[in-house]
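Structure at a glance
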Amino acid sequence: MKPEIKGFAPSSLVDWDGKIAAAIFLPYCNFKCKFCSNKELVLSPEKLKTIPFSEIKEKLEKNREFIDGVVISGGEPTINPEIVKLCTEIKNLGFKVKLDTNGSSPEMISELIEKKLVDYVAMDIKTSFKNYGKITGFSDTEKIKKSIEIIKKFPEYEFRMTLFPEIKKEDLIEISEYLKKQEANKSFFLQQFRNWSCIDENAEKIKPYSKDEIESFLELIKPYFDKSGIRNI
Ligand code: SF4
């Protein structure tokens, strides 16, 4: 048995930097980020059609020549123990796997890394640790710190943050300082917040940071990281 798959992109240029990747989306999440735009996938995935893995497998085989890998995203994929079987199946097909995670399940991240079932891990850091609960509804930041500790030892990783305007310069600096101190500062990306179809309808009334503001945030954090950048601007 594998996890129910509720979304599939046969080829994408935006889910794995520098690669053409397929993307698989698993339902449910243990966070409720105010700015999350995957509302249905997180809150009511039963309304979405389940895509049989056999269908996905067929498309992956067909596109094998130009697909570099498969991204496992969500929702939050690590809350489903069946992800181990899914990643095994994809690795057995000969594809590289990228994991997108909110970092709430260090045990699962560790298992996937130890079993060599992932080739790249991208973890969202939502805000400063003191404000985690306010933005995400998830307050167990020890788990987040544990995941950072695990991921930083993995050769291929990135951390990233969506700049929801409730997240301030101070939050970003606090996290940047923390990652540098932990020697988890290989790469960090800032992402633009999109104010539509958000879990919290009030978030839709919030004006995203401007391009100039986001660029000024990037200048602030650049000194902390070997590599940094902006996405979705
Ligand atoms: S943005 Fe937040 S709520 Fe939405 S899928 Fe990611 S971690 Fe879950």
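Everything below is about the structure printed above this text.
The notes below deal with the structure included here. (Residues numbered from 1 in each chain as written. Predicted model: local features only at pLDDT ≥ 70, side-chain atom pairs only at ≥ 80, totals over all residues.)

Let's talk about the sheet that holds strand β8 (residues 227-231)
Test applied: At least two bridges found by DSSP between two strands is the condition for calling them paired. Secondary structure counts use DSSP, requiring at least four H or I residues in a row for a helix and at least two E residues in a row for a strand, with both numbered from the N terminus. Orientation is described by axes fitted as lines to C-alpha atoms, over the contacting stretch for helices, and by angles from 0 to 180 degrees between their N-to-C directions.
Pairing is mixed across the open sheet formed by 8 strands, whose spatial order is β1-β2-β3-β4-β5-β6-β7-β8. Unpaired on one side and paired on the other, β1 (7-12) and β8 mark the two borders of the sheet. Strand after strand, the sheet turns through a mean of 20° between neighbouring axes, direction not considered. Pairing of strand β7 (residues 187-191) with β8, which is carried by 5 bridges, proceeds in the parallel orientation.

Here we look at the site of the ligand
Heads up, the rule is: Residues are classed as near a molecule or strand if the C-beta position derived from their backbone is within 6 Å of it. When residue character is reported, Ala, Val, Leu, Ile, Met, Phe, Trp, Tyr, Cys and Pro are called nonpolar, Asp, Glu, Lys and Arg charged, and the others, Gly included, polar.
Around the ligand sit C29, F31, K32, C33, C36, N38, V42, G74, G75, E76 and N102, and those are all the residues in its vicinity. Broken down by class, the residue content of the shell around the ligand amounts to 5 nonpolar, 4 polar and 2 charged.

Here's the deal with helix α2 (residues 53-62)
Formally: Exposure classes come from backbone-placed C-beta atoms, where a residue is buried if 20 or more other C-beta atoms lie within 10 Å of its own, exposed if 12 or fewer do, and partly exposed in between. Directions drawn from the helix axis to the C-beta atoms are what define this arc. It is the C-beta atoms, placed from the backbone, that decide contacts: two residues are in contact if theirs lie within 7 Å.
Taken as a whole, α2 has its buried residues at F53, I56 and L60. Taken down its axis, α2 places every buried residue within 60° of arc, on the same side. Pointing more than 90 degrees away from the buried face of α2 are the exposed residues S54, E55, E58, E61 and K62. At its buried positions, α2 is contacted by β1, β2 (21-26) and β3 (69-74).

Let's talk about the packing of helix α4 (residues 106-114) against helix α6 (residues 141-151)
Note the cut-off: Here the word oblique covers every angle except those under 35 degrees (roughly parallel), over 145 (roughly antiparallel) and from 65 to 115 (roughly perpendicular). Rotating anticlockwise by less than a right angle from the far helix to the near helix defines a left-handed crossing, while the corresponding clockwise rotation defines a right-handed one.
Two numbers describe how α4 lies on α6: the axes approach to 9 Å, and their chain directions differ by 15°. Relative to α6, the element α4 lies roughly parallel. In this structure, α4 meets α6 at a crossing whose hand is right-handed. Two secondary-structure elements touch here, α4 through P106, I109, S110 and I113 and α6 through K143, K146, S147, I150 and I151. Here the contact of α4 with α6 is composed, by residue class, of 5 nonpolar, 2 polar and 2 charged.

What about the packing of helix α7 (residues 169-181) against helix α8 (residues 211-221)?
Here α7 crosses α8 at 30°, and the two axes come no closer than 10 Å. Looking at the two axes, α7 sits roughly parallel to α8. The hand of the α7/α8 crossing is right-handed. Counted together, K169, L172, I173 and S176 of α7 and F217, L220 and I221 of α8 form the full contact between these two elements.

Remarks on the nonpolar core
Put simply, the test is: For this entry, the nonpolar core is defined as buried Ala, Val, Leu, Ile, Met, Phe, Trp, Tyr and Cys residues connected by C-beta atoms within 7 Å.
One finds I24, V70, I72, C87, V97, V118 and V121 to be the most contacted residues of the largest nonpolar core, which totals 62 residues. No other element matches β2, which puts 6 residues into this core. Sequence-distant contacts of V97, defined by excluding residues within four places in its chain, comprise G69, V70, I72, C87, I90, K91, L117, V118 and D119.

Concerning the environment of K6
Residue position: K6 is located in the segment before β1. Its 22 C-beta neighbours within 10 Å are what place K6 among the buried residues. A sequence separation of 191 residues divides K6 from S197, and the C-alpha atoms of the two residues are 17 Å apart. The residues contacting K6, other than those within four sequence positions of it, are F25, L26, P27, L41, P45, L48 and T50.

So, α4
Turning to α4, its buried residues are P106, M108, I109 and L112. The buried side chains of α4 occupy one side of the element, clustering within an arc of 165° when seen end-on. With respect to the buried face of α4, the exposed residues turned more than 90 degrees away are E107 and E114. For α4, the secondary structure elements touched by its buried residues are α3 (83-92), β4 (96-101), β5 (120-124) and α6. Remark: K116 follows α4 within two positions and exhibits a positive phi of approximately 55°.

Structural measurements only, silent on function.
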